[in-house]
6 protein chains.
Amino acid sequence: MVGTRTARTRKTATRKTATRKTATRKTATRKAAARKAAARKDGLTHFDPAGRARMVDVGAKAVTQRRAVARGEVRVGPEALAAIRQGTGKKGDVLAVAQLAAIMGAKRMPDLIPLCHSIELTGVDVRLEAVANDGGPGGRVLIEAAVRTTGRTGAEMEALTAVSVGALTVYDMCKAIDRGMVIGPVRLVEKSGGKSGEWRREGEEEWSSRA
Amino acid sequence: MVGTRTARTRKTATRKTATRKTATRKTATRKAAARKAAARKDGLTHFDPAGRARMVDVGAKAVTQRRAVARGEVRVGPEALAAIRQGTGKKGDVLAVAQLAAIMGAKRMPDLIPLCHSIELTGVDVRLEAVANDGGPGGRVLIEAAVRTTGRTGAEMEALTAVSVGALTVYDMCKAIDRGMVIGPVRLVEKSGGKSGEWRREGEEEWSSRA
Amino acid sequence: MVGTRTARTRKTATRKTATRKTATRKTATRKAAARKAAARKDGLTHFDPAGRARMVDVGAKAVTQRRAVARGEVRVGPEALAAIRQGTGKKGDVLAVAQLAAIMGAKRMPDLIPLCHSIELTGVDVRLEAVANDGGPGGRVLIEAAVRTTGRTGAEMEALTAVSVGALTVYDMCKAIDRGMVIGPVRLVEKSGGKSGEWRREGEEEWSSRA
Amino acid sequence: MVGTRTARTRKTATRKTATRKTATRKTATRKAAARKAAARKDGLTHFDPAGRARMVDVGAKAVTQRRAVARGEVRVGPEALAAIRQGTGKKGDVLAVAQLAAIMGAKRMPDLIPLCHSIELTGVDVRLEAVANDGGPGGRVLIEAAVRTTGRTGAEMEALTAVSVGALTVYDMCKAIDRGMVIGPVRLVEKSGGKSGEWRREGEEEWSSRA
Amino acid sequence: MVGTRTARTRKTATRKTATRKTATRKTATRKAAARKAAARKDGLTHFDPAGRARMVDVGAKAVTQRRAVARGEVRVGPEALAAIRQGTGKKGDVLAVAQLAAIMGAKRMPDLIPLCHSIELTGVDVRLEAVANDGGPGGRVLIEAAVRTTGRTGAEMEALTAVSVGALTVYDMCKAIDRGMVIGPVRLVEKSGGKSGEWRREGEEEWSSRA
Amino acid sequence: MVGTRTARTRKTATRKTATRKTATRKTATRKAAARKAAARKDGLTHFDPAGRARMVDVGAKAVTQRRAVARGEVRVGPEALAAIRQGTGKKGDVLAVAQLAAIMGAKRMPDLIPLCHSIELTGVDVRLEAVANDGGPGGRVLIEAAVRTTGRTGAEMEALTAVSVGALTVYDMCKAIDRGMVIGPVRLVEKSGGKSGEWRREGEEEWSSRA
């Protein structure tokens, strides 16, 4: 689907990483060969060639700073929108509860997604905002989660999980008012760090432009 | 938003429930008054009148059989769709992994959603299916979760969480092929049991009609 | 220590409970005998006479509505107090974060306390308030958690755990300002329901009198 | 509150850390600026300037050996004290159960405290001891937890959580004897490692002096 | 495999259960028919006829007292045996740690076994004992877990999980001495309560005969 | 018990590790002395000399690539064997469910084993296969788990836990057919990385030789 994968000049590559790369070259080369042999043509890396699910070996990957940003929405009716907006920053703040739930959800990701690695998260930022629809009743709760890690795999799943848990919490808080709320589109917006470099979804505006 | 709330004749009301209702009438009446006093005009039941978040007291609610059905989708590009479809029922079955993750996700719900009660789930059914888009590349993974409980609160959040975790797992399994996948709309489709009776989202077809 | 255990007239005893008691009398009598035989003279019910830790069998206990209230404090210096107070109800609300953590902590209790039963909580209410010391710098964050359950054992441990987790969260949020904060006294304040009846700690004022 | 923050000469600084610092200087400088811009005047680092709760980004912090020591007490009546003491090291050892619970509690900390990072603990030591009050009935269970980590943030919260969970477990084991037990003061006693250096609470004796 | 399934006269059937059965007869009959239609000829109840994994619906099952007993062993070399035995009941008690781990493991079962229901455990008893081999070096740590529940499904999986976690903990505690320890046979020994009645494995002696 | 511990030439030792070793020599020497002082003659490293359980300090251990392989079996009767085999790779695949459970079980290990460190797993591979007994009814489900980590302690417990959880899941899936299934022998088969070097159990064939 949409998205650009730009070549990435690693200007921030540290000497430490360079040293490690040299030192572990033999191991890495051997591993890369093994990985290639084990690679599936269909790209489903979570399965080995025999079709067995596995937690992919990332032991040879570099420890780099990685970041992932995901976004999502909850579409809400006019009553729920009003209830959310009147509470924001005051008494009964739906968005504040959902924000905490989203941050904690990022930490729980490895318990939820079967084949994901558990990595050390170094930072999680979550924003929520309720906006009214243009020229129509109801509106949307916008959610954005930015997750940073210093590990061997990216933090995409943590960011997407944070957004999903935040959205589910908005639903839970407002379901007595409106059972018809709809969650989505939940999607990755940006990703940096690691071998695959930067990725950015096309057509996503800066968050600040929405308020 | 859309959805019909039909009056519900409780034909399956058991004598046991009747007996309990009588016996606990005084308590219930007192509690109902307290609840009314504590009710918020805006319908945000998870906050008390002072704006403090709370786990709402459901101790006076009847223990009945409740059921909730939720649905969601993951929009996938043509390569991910092909990879998913070739594995289904054979080697490397993305949908089978996501299905298990969804069932386990239903059980983890109370760990994720801050103010939700932990209830005893009596059954969880999850279905996934990958369908191609009509007249265009790519397709969608359809997910449906039906959760049953015998408790004092409904299972909507478990059903929605199951769908979300299933969708996130599909994303995780295919993200090496396609980072642009989009999750949603995730929504409640049906709910029965409990005081508020049945609710059914309009415009949802039977699952069998999709295959 | 201090506290009064008053005889309790179970005015709310339901017919259902009465029926059950009759029906299961034989079993109960046999079990009670077994329990007596297994009782320890020292009152440490979590050990059997041989000294083995156990999760005590509560299968013969009545399912009744039970409630427990616990309280605790965090003693804070003047800077932390000011930071907490300026955020309350507005931007950066330490107490709102701690309150949610406390509610979620009640749910996690069985994961933490080795020999405790996991019971269905029907409601959790948590209050926090920051008060200045009379005639001196700094102050205290007061925490109260009321937990209700419809189960076979009481909710004391859930209430105490909620207060402890709330207090730890206040510490975490303010520790960059003041590492010297002190948590305690954390104590049970009130307990009702179950065979042992009501218990109330002497000398505890109503919460409302503090503000 | 009380406590001394002494300047700390990092004699154990390794060449590796030195190398990393140089290499990542540009990044670090940029980040420090961003952090300063994002710093709150009130010191509540867990909130951003807009008041949104966040898991603070520690990605630029050094990986060093850190250690934190926390202490707490449970005040117990004479019967509970006798029961605890007669079991110690023999049959029905309350303190042994609480000690294990405390160690496991340290590991569960990130599940409990919403905005805390999950870090790799390298060692946890917990001690408990029951002492009689001087010239009066009853006594206290003293608890100390020392937690070591090799990470980007300190282990204060793990140490405090360990002590709290240990204290709650003592309460649970003895509550059939004495509901009036009181937990606290739970407090940080010592902290070393990391940029803020050593911190030590005044007036705390060595543990060995208590027995 | 071995085991006898004896017809079971439900002498302890309570009036309450009788009442409920009558009242919910219509529902139950309908459900039973649905279940029969959905039953698999191969007996793999955790899959539906289409092969989809599911958490089986137990909503129509009676709430009865159920009990399951499981056993297992860890075969240990002479050094590990000596270390375990010298610590028992004194300093460094491997079996006491394993016993607690086993009890907590029973509570964690629903997190581990994907399609299992989470049920309310009413009691858990775990015993461990180290015995020397007859006429040979080394010996065995015997483990027995008895789990009781008042729910809609049995507690076999909790009992087996408790034994497994206890055995793994013995391994962990002694692995610095002996990496060659072997866990097993872990097996169900006894089961009672529920529709399928009692089951007892042949050839299992009473625990007391072993000491 | 059986097993060979071969001297290990660390050919893959990186310069980075060398640098660290030099730099932290003073600290390490001091710590080693402390450790020796604290070492127990009986080899139960999880206890200190006073008999207190502890999470052993591994902060001075090198971060190296480590790997552990464990194996186990579930002995099944002929009906269960037939049900498992007919589902494999098709509808109702018991082994696929157990495989996922085993991988997730490896991640949950630190929640289960009280004194184990939580380490970052870099890869988990699990294989299951159902084989018929030679010349007799019934058969065995063979399970192998290989776990890799880049940490300060080995992954033996994760590998053994993965096998145990996989075996328990096979039991759960088939228990409606056969309650008499037996789990075991579960054992460590191979271990590499870390100071203690390689260890390999004698008499274990290559997995491929079994099919």
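Since this is a predicted model, take the numbers as computed values, not measurements.

A look at the overall build of chain A
Turning to step 1, where the next piece is worked out: Tallying secondary structure elements over chain A gives 5 helices and 8 strands in all.
Turning to step 2, where the next piece is worked out: Ordered by position in the sequence, the α and β elements of chain A form the string β-α-α-β-β-α-α-β-β-α-β-β-β.
Turning to step 3, where the next piece is worked out: The proportion of buried residues among the 211 residues of chain A is 61%.
Turning to step 4, where the next piece is worked out: Summarising the internal contacts of chain A: among those between residues at least 6 apart in sequence, 71% fall at separations of at least 24.
Turning to step 5, where the next piece is worked out: Only carbon and sulfur atoms are counted for the fraction: they give 51% of the accessible area of chain A, which is about 8,300 Å².

Topic: the environment of C:Ala83
Turning to step 1, where the next piece is worked out: Along the polypeptide, C:Ala83 turns up in helix H3 (residues 78-87).
Turning to step 2, where the next piece is worked out: Residues C:Ala83 and C:Ala167, spaced 84 residues apart in sequence, show a C-alpha to C-alpha distance of 16 Å.
Turning to step 3, where the next piece is worked out: C:Ala83 has contacts with C:Ile177, D:Asp42 and D:Leu44, leaving out every residue within four places of it along the chain.

A word on the pattern of salt bridges
Turning to step 1, where the next piece is worked out: Scanning the model with the defined rule gives 95 salt bridges over all chains in all.
Turning to step 2, where the next piece is worked out: For B:Asp111, the salt bridge is made with B:Arg108, and the minimal N-O distance between the two is 3.1 Å. Remark: B:Arg108 and B:Asp111 occur in helix H4 (residues 94-112); sequence separation between them is 3 residues, near one turn of the helix.
Turning to step 3, where the next piece is worked out: Within this structure, A:Arg108, A:Asp111, B:Arg108, B:Asp111, C:Arg108, C:Asp111, D:Arg108, D:Asp111, E:Arg108, E:Asp111, F:Arg108 and F:Asp111 form a network of salt bridges that share partners.

Brief notes about the relation of the copies chain D and chain C
Turning to step 1, where the next piece is worked out: The two copies are related by a screw operation: chain D maps onto chain C through 180° of rotation and 0.0 Å of translation along the axis, at an RMSD of 0.0 Å. Taken together, the turn and the small shift mark the pair as related by a two-fold rotation axis. By C-alpha distance to the rotation axis, the residue of chain D lying nearest is D:Gly184, at 2.1 Å.

Quick notes on the pairing of strand S4 (residues 121-132) of chain A
Turning to step 1, where the next piece is worked out: Counting buried residues in S4(A) gives 9 out of 12 residues, a clear majority hidden from the surface.
Turning to step 2, where the next piece is worked out: By the bridge criterion, 11 bridges tie S4(A) to strand S5 (residues 139-151) of chain A in an arrangement that is antiparallel. Pairing of A:Val124 across the sheet is with A:Val147, part of S5(A).
Turning to step 3, where the next piece is worked out: In this antiparallel pair of consecutive strands, S4(A) and S5(A), the connection spans 6 residues, and A:Gly135 shows a positive phi of 55°.
Turning to step 4, where the next piece is worked out: As judged from the 2 bridges shared by S4(A) and strand S2 (residues 54-55) of chain D, these two strands associate in the antiparallel manner. The partner of A:Val124 across the bridge, within S2(D), is D:Met55.

Concerning the interface of chain D and chain C
Turning to step 1, where the next piece is worked out: Between chain D and chain C, the residue contacts involve 61 residues of the former and 61 residues of the latter.
Turning to step 2, where the next piece is worked out: Summed over both sides, the interface of chain D with chain C buries roughly 5,000 Å², with 65% coming from carbon and sulfur.
Turning to step 3, where the next piece is worked out: At the boundary of chain D and chain C, one finds 4 salt bridges.
Turning to step 4, where the next piece is worked out: Between D:Glu156 and C:Arg179 there is a salt bridge whose closest N-O contact spans 3.4 Å.
Turning to step 5, where the next piece is worked out: At the boundary of chain D with chain C, the tally comes to 8 residue pairs in polar contact (both at pLDDT 80 or more).
Turning to step 6, where the next piece is worked out: Those elements giving two or more residues to the side of chain D that touches chain C turn out to be strand S3 (64-76), helix H3 (78-87), helix H4 (94-112), helix H5 (156-174), strand S6 (182-183) and strand S7 (186-192) of chain D.

A short note on unusual backbone geometry
Turning to step 1, where the next piece is worked out: Following D:Gly184, the chain continues to D:Pro185 via a peptide bond in cis, the omega torsion being -5°.
Turning to step 2, where the next piece is worked out: Inspection of the secondary structure puts D:Pro185 in the loop between S6 and S7.

Considerations on the side chain of A:Arg71
Residues and elements named next belong to chain A.
Turning to step 1, where the next piece is worked out: Along the chain, the position of Arg71 falls in strand S3 (residues 64-76).
Turning to step 2, where the next piece is worked out: Here Glu144 takes part through its side chain, which lies 2.7 Å from a polar atom of the side chain of Arg71.
Turning to step 3, where the next piece is worked out: Here the side chain of Arg71 touches Glu204 through a polar contact of 3.0 Å, side chain to side chain.

Details of the confidence of the model for chain A
All names here are of chain A.
Turning to step 1, where the next piece is worked out: Here chain A shows a mean pLDDT of 83. Residues at 70 or above account for 77%.
Turning to step 2, where the next piece is worked out: Counting interchain partners and residues more than four positions distant, the pLDDT-below-50 stretch residues 4-26 has 29 contacts.
Turning to step 3, where the next piece is worked out: For this predicted complex, the interface confidence comes out at an ipTM of 0.83, alongside a pTM of 0.86.

Here we look at the packing of helix H5 (residues 156-174) of chain E against helix H5 (residues 156-174) of chain F
Turning to step 1, where the next piece is worked out: One way to put it is that H5(E) packs onto H5(F) with a least axis distance of 11 Å and a crossing angle of 165°. Here H5(F) runs roughly antiparallel to H5(E), going by the angle between their axes. The way H5(E) lies across H5(F) gives a crossing that is right-handed. Listed contacts from H5(F) to E:Met157, E:Leu160, E:Thr161, E:Ser164, E:Leu168, E:Tyr171 and E:Asp172 of H5(E) are F:Met157, F:Leu160, F:Thr161, F:Ser164, F:Leu168, F:Tyr171 and F:Asp172.

Details of the packing of helix H4 (residues 94-112) of chain A against helix H4 (residues 94-112) of chain C
Turning to step 1, where the next piece is worked out: Contact geometry of H4(A) with H4(C) gives a least axis separation of 10 Å together with a crossing angle of 50°. Compared by their axis directions, H4(A) and H4(C) come out oblique. Between H4(A) and H4(C) lies a crossing whose hand is right-handed. Across the interface between the two elements, A:Val97, A:Leu100, A:Met104 and A:Arg108 from H4(A) touch C:Val97, C:Leu100, C:Met104 and C:Arg108 from H4(C).
Turning to step 2, where the next piece is worked out: For the contact of H4(A) with H4(C), the class distribution of residues is 6 nonpolar, no polar and 2 charged.

Points about the environment of F:Ala70
All names here are of chain F.
Turning to step 1, where the next piece is worked out: Along the chain, the position of Ala70 falls in strand S3 (residues 64-76).
Turning to step 2, where the next piece is worked out: Residue Ala70 is classed as buried on the basis of its relative accessible area, which comes to 0%.
Turning to step 3, where the next piece is worked out: Sequence separation of Ala70 and Lys175 is 105 residues, and the distance between their C-alpha atoms is 24 Å.
Turning to step 4, where the next piece is worked out: Apart from the residues lying within four places of it in its own chain, the contact partners of Ala70 are Ile143, Glu144, Ala145, Ala159, Leu160, Val163, Arg187, Leu188 and Val189.

Overview of the pairing of strand S5 (residues 139-151) of chain D
Residues and elements named next belong to chain D.
Turning to step 1, where the next piece is worked out: By the criterion of burial, S5 is predominantly enclosed, with 12 of the 13 residues buried.
Turning to step 2, where the next piece is worked out: Note that S3 and S5 share 13 bridges and pair antiparallel. Along S5, the bridge assignment pairs Thr64 with Gly151.

Brief notes about helix H5 (residues 156-174) of chain A
Turning to step 1, where the next piece is worked out: An ideal rise of 1.5 Å per residue puts 27 Å on 19 residues; H5(A) measures up with 27 Å between its terminal C-alpha atoms.
Turning to step 2, where the next piece is worked out: Summarising burial for H5(A): 19 of the 19 residues are buried, a large majority.

Concerning the nonpolar core
Turning to step 1, where the next piece is worked out: A:Val141, B:Val141, C:Val141, D:Val141, E:Val141 and F:Val141 are the most contacted members of the largest nonpolar core, which totals 330 residues.
Turning to step 2, where the next piece is worked out: Leaving out residues up to four positions away in the same chain, D:Val141 has contacts with D:Gly72, D:Glu73, D:Val74, D:Val76, D:Ile84, D:Leu95, D:Leu128, D:Glu129, D:Ala130 and D:Val170.

Focus on the side chain of C:Glu73
All names here are of chain C.
Turning to step 1, where the next piece is worked out: Secondary-structure assignment places Glu73 in strand S3 (residues 64-76).
Turning to step 2, where the next piece is worked out: Relative accessible area serves as the criterion here: at 9%, Glu73 is assigned to the buried category.
Turning to step 3, where the next piece is worked out: A polar atom in the side chain of Glu73 sits 3.1 Å from the side chain of Arg140.
Turning to step 4, where the next piece is worked out: When near neighbours in sequence (up to four residues on either side) are disregarded, Glu73 contacts Arg140, Val141, Leu142, Val182, Ile183, Gly184, Pro185 and Arg187.

Quick notes on the rules
Residues numbered from 1 in each chain as written. Chains lettered and ligands numbered in written order. Predicted model: local features only at pLDDT ≥ 70, side-chain atom pairs only at ≥ 80, totals over all residues. Heavy atoms only, no water. Helix = DSSP H or I, 4+ residues; strand = E, 2+ residues; numbered from the N terminus. Buried < 20%, exposed > 50% of the residue type's maximum accessible area, 1.4 Å probe, protein only. Contact = heavy atoms within 4.5 Å. Areas by Shrake-Rupley, 256 points an atom, 1.4 Å probe, with all protein chains shown as cover. Salt bridge = Lys/Arg side-chain N within 4 Å of Asp/Glu carboxyl O. Least-squares fit on C-alpha atoms with pLDDT ≥ 70 in both. Pairing = 2+ DSSP bridges. Buried area = accessible area lost by both parts, 1.4 Å probe. Polar contact = N/O pair within 3.5 Å; in protein donor to acceptor, adjacent residues only side chain to side chain. pLDDT = per-residue confidence, 0-100. Axes fitted to C-alpha atoms, helices over the stretch in contact; angles between N-to-C directions. Parallel < 35°, antiparallel > 145°, perpendicular 65-115°, else oblique. Left-handed = near helix turned anticlockwise from the far one by under 90°. Nonpolar A, V, L, I, M, F, W, Y, C, P; charged D, E, K, R; others polar. Expected span 1.5 Å × (residues − 1). Core = buried A, V, L, I, M, F, W, Y, C linked by side-chain atoms within 4.5 Å.

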